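# A look at the structure
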Amino acid sequence: MAPNPSSSHTPARPDAGRIRRSAAAAAAGLTAVALLSACSYGSKADKSSDAGTAAAATSGAAKLSADTVKIGYFANLTHGTPLVGLQEGFFQKELGGTQIKTQVFNAGPAEIEALNAGSIDIGWIGPSPAINGYTKSDGQSLKIIGGSASGGVKLVVNPDKIASLDDLKGKKIATPQLGNTQDVALLNYLAGKGYKVDAATGAGDVSVVRTDNKVTPDAYKSGSVDAAWVPEPTASKLVTLGAKVLLNEKDVWPDKKFVITNIIVSQKFLKEHPDVVEAVLRGSVKTNAFIKADSAKAKADANEAIKKEAGNALEPAVLDPAWADIDFLDDPLANTLQAEADHAVTAGLLKKPNLTGIYDLTLLNKVLAAQGQPAVSDAGLSAK
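Heads up: these notes are all about the structure in this document.

Calculation rules
Counting from 1, residues in each chain are numbered in the order their sequence is written. Predicted model: local features are reported for residues with pLDDT of at least 70 only, side-chain atom pairs are reported and counted for 80 or more only, and whole-chain, interface and lining totals are derived from all residues. Neither water nor hydrogens contribute to the side-chain values; these are computed over all heavy atoms in the structure. Secondary structure elements are defined from DSSP: runs of H or I of at least 4 residues count as helices, runs of E of at least 2 residues count as strands, and each element is numbered from the N terminus. Any two residues having at least one pair of non-hydrogen atoms within 4.5 Å are treated as being in contact. Where helices are involved, their axes are fitted lines through C-alpha atoms of the stretch in contact, as for all axes, and angles between N-to-C directions lie from 0 to 180°. Every angle not falling under 35 degrees, over 145, or within 65 to 115 is termed oblique; those three ranges are roughly parallel, roughly antiparallel and roughly perpendicular. Here is the rule for handedness: rotate from the far helix to the near one, and if that takes an anticlockwise turn smaller than a right angle the crossing is left-handed, while a clockwise turn gives right-handed. Throughout, nonpolar core names a set of buried Ala, Val, Leu, Ile, Met, Phe, Trp, Tyr and Cys residues whose side chains join them through atoms within 4.5 Å. The buried label goes to any residue with under 20% of its type's maximum accessible area, the exposed label to any with over 50%, and the partly exposed label to all in between, with areas taken from a 1.4 Å probe on protein chains only. Stacked, tilted and edge-to-face pairs are distinguished by plane angle, under 30 degrees for stacked and over 60 for edge-to-face with tilted covering the rest, among Phe, Tyr and Trp rings (Trp via its six-membered ring) whose centres lie within 6.5 Å. Paired strands are those between which DSSP finds at least two bridges. Whenever Lys or Arg places a side-chain nitrogen within 4 Å of a carboxyl oxygen from Asp or Glu, that contact is recorded as a salt bridge.

### Some words on the overall build of the protein chain
- Assigned secondary structure in the protein chain consists of 14 helices and 12 strands.
- Looking at the protein chain alone, contacts between residues at least 24 apart form 81% of all its contacts between residues at least 6 apart.

Encoded structure:
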């Protein structure tokens, strides 16, 4: 797996007891477009909310080069930066007279399509759809301009069926979607443990069962699955149903960090409105600082935003452990993005992608420098 992107060395191979790269059976007839279009958070519905929400521009404040900036994100804890930043007004303060229009998405493909169509300008999104959006467009669609979140993914199991990591053979483990970020992580982990699984069907020494996160708790209760490699808050929801956390994914990454949410921007919008993009990045950096300084208030903000967007707030037994497991940060953890792509290639889910040029961290590093913070690395994946 990959090291922290602040390191310049090649990603280290964990020992045999941890994850090592081992080829899983190739998925016949499957392409990068079909697989890595899957959202990191497992929703199967490729559709966004029907209408965006416009936030009032700051009265009397100077307008930037665009009248409006259209921002997309998920009503999910791993998208805590936009949830909290919009709730607290950090983004609008930086944008002044430029209006914010938001749109909430259920799946990565819909957000990428919206970005390509100009329906949104900037979005928070997981690594797999970002990689797919970039490679599918031959590097013309988007740029990753910042990080947002790390962690928040766990392997949770039925303790009556699985007592240790040596008990996975013959068991049924849920992931959110075929080829999504958690699906790739599980396939890579199982290969590293010596298990053979057909990536396309999920059949093998361990059965990988692709199941929408919304359905996974019922599947667990019914016994249809014995375990799940899932993001928060699904993992913590399963714990409330009696499941046990057997492995936290961050524990198999050097420095315990891996990208779960990035910030992307349309290349067209970045070229035409760099001042607006910089303002959004200032809002993001200030939001992440607020989250670190007052985690309890930020958690309440995020839950209130989820209630508004999804209709129901998360109960404390789910919210508290889920929030505690997510690290909000400005660093995009670029080395881990490359590693995640490599793992998909190893599993036979993706042809080797060329990610050179996927990052443009110029504006983020400008914002960080103004805050007296060190620059972050693009791991050599910026345009040459």
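### Some thoughts on the packing of helix α11 (residues 295–310) against helix α12 (residues 316–324)
- Taken N-terminus to C-terminus, the directions of α11 and α12 make an angle of 120°; their axes are 11 Å apart at the nearest point. It follows from the interaxial angle that α11 and α12 lie oblique. Where α11 crosses over α12, the handedness of that crossing is right-handed. Facing S295, A298, K299, A302 and N303 of α11, the residues of α12 in contact are L319, D320 and W323.

### Remarks on the nonpolar core
- Counting residues in each nonpolar core, the largest one holds 97 residues, and the members touching the most others are V69, I122, V277 and I358.
- Ranked by residue count, the leading element in this core is helix α10 (residues 274–293), at 8 residues.
- Beyond its immediate chain neighbours, meaning those up to four positions away, V277 contacts I122, I145, V265, F269, L270 and L363.
- By size, the runner-up hydrophobic cluster in this structure holds 10 residues, among which are A174, A219, V230 and L238.

### Some thoughts on the packing of aromatic side chains
- Counted according to the given criterion, the structure contains 5 aromatic pairs.
- Taking 5.5 Å as the distance between ring centres and 45° as the angle between the ring planes, the aromatic pair formed by Y189 and W229 counts as tilted. On the criterion of sequence distance, the pair formed by Y189 in helix α6 (residues 181–192) and W229 in strand β9 (residues 227–231) is long-range, its members being 40 residues apart. Both residues of the pair, Y189 and W229, count as buried.
- On the numbers, 5.6 Å between centres and 15° between planes, the contact of W253 with F258 is stacked. Here W253 matches F258 in class, with each residue buried.

### What about the sheet that holds strand β10 (residues 244–248)?
- With respect to topology, 5 strands assemble into an open sheet ordered β8-β7-β9-β6-β10, the strand pairing being mixed. Each edge of the open sheet is held by one strand with a lone partner, namely β8 (207–210) and β10. Shown here is a sheet whose adjacent strand axes are inclined to one another by a mean of 25°, direction ignored.
- Pairing of strand β6 (residues 153–157) with β10 involves 4 bridges; the strand directions are antiparallel. Residue K154 lies in a different strand from β10, and its bridge partner there is N248.

### With respect to the pattern of salt bridges
- One pass over the structure, following the stated rule, counts 19 salt bridges.
- Between D67 and K63 there is a salt bridge, with its nearest N and O atoms 3.1 Å apart.
- Linked through salt bridges whose partners overlap, the residues forming this network are E94, E278, R282, K286 and K366.

### With respect to the environment of A298
- Positionally, A298 belongs in helix α11.
- By relative accessible area, which is 0% here, A298 ends up buried.
- The spatial distance from the C-alpha of A298 to the C-alpha of L83 is 9.0 Å, given a sequence separation of 215 residues.
- Non-local contacts of A298, meaning those with residues more than four positions away in its chain, are made with V84, F290, I291 and W323.

### Some words on the pairing of β6
- Among the 5 residues in β6, 5 count as buried, and that is most of the element.
- Along β6, one buried face is formed by V153, L155 and V157 and the opposite face, lined by K154 and V156, is buried too.

### A look at helix α5 (residues 127–136)
- Of all 10 residues making up α5, 8 are buried, and the element is well covered by its neighbours.
- Among all positions in α5, only P127, S128, P129, A130, I131, N132, G133 and Y134 are buried.
- Backbone geometry just downstream of α5 places D138 in the positive-phi region, at approximately 55°.

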